Amino acid sequence: MSDKLLTELLPNLYFVHGKLSGRFPYSNGLMIDAEERVLVDTGFGRSRIEEIMDSGEVKVIINTHYHLDHVFGNKYIPHAKIWAHKLDAPALRSSKQFMKYTGLNENLGFPDPIRFPGGPYSCEVDRELVDGEILDFGALRLQVIHTPGHTPGHIALYEPQAGILFSGDIDLTPFGPWYGNLCSDLEEFIGSIRYLIELNPKVLVTSHSGIITDNITTRLKEYLEILNIRDHQIIEYLQVAKTVEELVDQKIIYTRFPEPQRLYRFFEEVMIRKHLQYLIGQGKVYTLNQTFKAFD
Ligand SMILES: [Zn+2]
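Residues numbered from 1 in each chain as written. Predicted model: local features only at pLDDT ≥ 70, side-chain atom pairs only at ≥ 80, totals over all residues.

## Some points on the overall build of the protein chain
- A tally of helices and strands in the protein chain yields eight helices and 15 strands.
- A compact globule built from 296 residues should have a C-alpha radius of gyration of about 19 Å, and the protein chain, at 19 Å, falls within 12% of that.
- Taken over the C-alpha atoms alone, the protein chain extends approximately 60 × 40 × 35 Å along its principal axes.
- In the protein chain, which comprises 296 residues, the share counted as buried stands at 41%.
- Expressed as a percentage of contacts within the protein chain between residues at least 6 apart in sequence, the contacts between residues at least 24 apart total 58%. (Helix = DSSP H or I, 4+ residues; strand = E, 2+ residues; numbered from the N terminus. Rg over C-alpha atoms; globule rule 2.2 N^0.38 Å. Buried ≥ 20, exposed ≤ 12 C-beta atoms within 10 Å, placed from the backbone. Contact = placed C-beta atoms within 7 Å.)

Following this line, the structure appears as structure tokens:
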């Protein structure tokens, strides 16, 4: 684990190292230090946010999406304006909408009061971002790229001159893409990864895997391929008809369920159901009496 706080990417743009190398419940982000100081996400850990604020006031926070490991630090910077994509803004503004977007409820043991004391975090969203707009910070300009799938309003930020892309939770972790909220969308996620492959960035900066400079295209393709592998595993299991519950028991996506297990079983089920819906649409799986079976 590195204790380093900042890595310079450009004269006005820094990578912010999250606690635990940005592993959940933390995340990495960016700091823009141009006309104003701006943070992209705030999941670095409280002491790191305080260290940043000690050297200059943070005027704006851009949240890549509404997940708590990206926004939970907003509360430690109470005077900053918050910007987020218009489709994720409702889940930031209201904890009721957050629960609706995610499908979570208190019985599932989320949010974990130790990791996220005080529960789902709600805040004003002062500016709603849209795809393609240029955020002009004077010495630095970033383009908003709408990359839905993980959440409906997930965004990436792109600095075209140096080819630096902050891709948020399109994060190239070995786990692979995560779409365990009710509002997550598997096909949109596929489209977003493909879009980033097309964009062909020179540097990929991620929320949970740090800064990537080598083999970016190959690594994005491998990340995308994980979705295909999950499809094939499901089809294998469905040579014999199974209920969703029986598929969840196979631990296809999570491989093991950490505590609280009911929460991770819920995420697994949400993701499995999205694959089933996709495979039914592709004519590879059909459903009969609450069970699913692959076509022979
Ligand atoms: Zn996320």
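Now that the structure has been shown, the text picks up again.
## Quick word on the nonpolar core
- The biggest cluster of nonpolar side chains holds 65 residues, and the ones touching the most others in it are Leu-30, Ala-84, Leu-92, Ala-156, Leu-157, Leu-165 and Phe-166.
- With five residues, helix H8 (residues 261–281) is the single largest residue contributor to this core.
- Here this core gathers at least three residues from each of two domains, domain 1 (6–225) and domain 2 (238–294).
- When near neighbours in sequence (up to four residues on either side) are disregarded, Leu-92 contacts Asn-63, Tyr-66, Val-71, Ala-84, Ser-122, Cys-123 and Val-125. (Core = buried A, V, L, I, M, F, W, Y, C linked by C-beta atoms within 7 Å. Domains from an automatic or database assignment.)

## Here's the deal with the sheet that holds strand E9 (residues 141–146)
- A sheet is described by the order of its strands in space; here six strands give the open sequence E8-E9-E10-E11-E12-E13, paired in mixed fashion. Because the sheet does not close on itself, it has two edges, and the strands there are strand E8 (134–136) and strand E13 (210–212). On average, each strand axis in the sheet is tilted by 25 degrees relative to the strand beside it, whichever way the strands run.
- For strand E11 (residues 164–166) and strand E12 (residues 203–206), the ladder comprises three bridges, and the chain directions are parallel. Each bridged residue has a counterpart across the sheet, and for Ile-164 the counterpart in E12 is Val-203. (Pairing = 2+ DSSP bridges. Axes fitted to C-alpha atoms, helices over the stretch in contact; angles between N-to-C directions.)

## Considerations on the environment of Ile-235
- Along the chain, Ile-235 falls in helix H6 (residues 216–237).
- Between the C-alpha atom of Ile-235 and that of Phe-292, which follows or precedes it by 57 residues, the distance is 9.7 Å.
- Not counting chain neighbours up to four residues away, the residues in contact with Ile-235 comprise Leu-279, Lys-284, Val-285 and Ala-294.

## Section: the domain arrangement of the protein chain
- By the assigned domains, the protein chain splits into domain 1 (6–225) and domain 2 (238–294).
- Centre-to-centre, using C-alpha coordinates, domain 1 lies 28 Å away from domain 2.
- A class-by-class count of the residues in the side of domain 1 that touches domain 2 yields five nonpolar, five polar and one charged. (Nonpolar A, V, L, I, M, F, W, Y, C, P; charged D, E, K, R; others polar.)

## Digging into the pairing of strand E3 (residues 29–33)
- Of all five residues making up E3, four are buried, and the element is well covered by its neighbours.
- The sheet contact formed by strand E2 (residues 13–16) and E3 spans four bridges and is antiparallel. Following the sheet pairing, Tyr-14 is matched in E3 by Met-31.
- As paired elements, E3 and strand E4 (residues 37–40) share four bridges and run antiparallel to each other. The partner of Ile-32 across the bridge, within E4, is Val-38.
- Connecting E3 to the antiparallel partner E4 that follows it, the hairpin turn spans three residues.

## Looking at helix H5 (residues 186–199)
- For H5, built from 14 residues, the straight-helix expectation of 20 Å at 1.5 Å per residue is met to within 8% by its first-to-last C-alpha distance of 20 Å.
- Taken together, the buried positions of H5 are Phe-189, Ser-192, Ile-193 and Leu-196. An end-on view of H5 places all buried positions within 95 degrees of arc, on one side of the element.
- Lining the buried residues of H5 we find strand E10 (155–159), E11 and H6.
- Positive backbone phi, at 55 degrees, marks Asn-200, one or two positions downstream of H5. (Expected span 1.5 Å × (residues − 1). Arc of directions from axis to C-beta.)

## Brief notes about the environment of Leu-140
- With respect to the secondary-structure elements, Leu-140 resides in the loop between E8 and E9.
- Separated by 21 residues in sequence, Leu-140 and Gln-161 have C-alpha atoms that sit 9.9 Å apart.
- Look past the residues within four positions of Leu-140 in its chain and what remains in contact with it is Leu-10, Asn-12, Leu-13, Ile-32, Ala-34 and Glu-159.

## Remarks on the packing of H5 against H6
- In contact at an axis separation of 10 Å, H5 and H6 are set at 165 degrees when each is read in the N-to-C sense. If you check the angle between H5 and H6, you find them roughly antiparallel. In this structure, H5 crosses over H6, and the sense of that crossing is left-handed. Contacts between H5 and H6 pair Ile-190, Ile-193, Leu-196 and Ile-197 from the former with Thr-217, Leu-220, Lys-221, Tyr-223, Leu-224 and Leu-227 from the latter. (Parallel < 35°, antiparallel > 145°, perpendicular 65-115°, else oblique. Left-handed = near helix turned anticlockwise from the far one by under 90°.)

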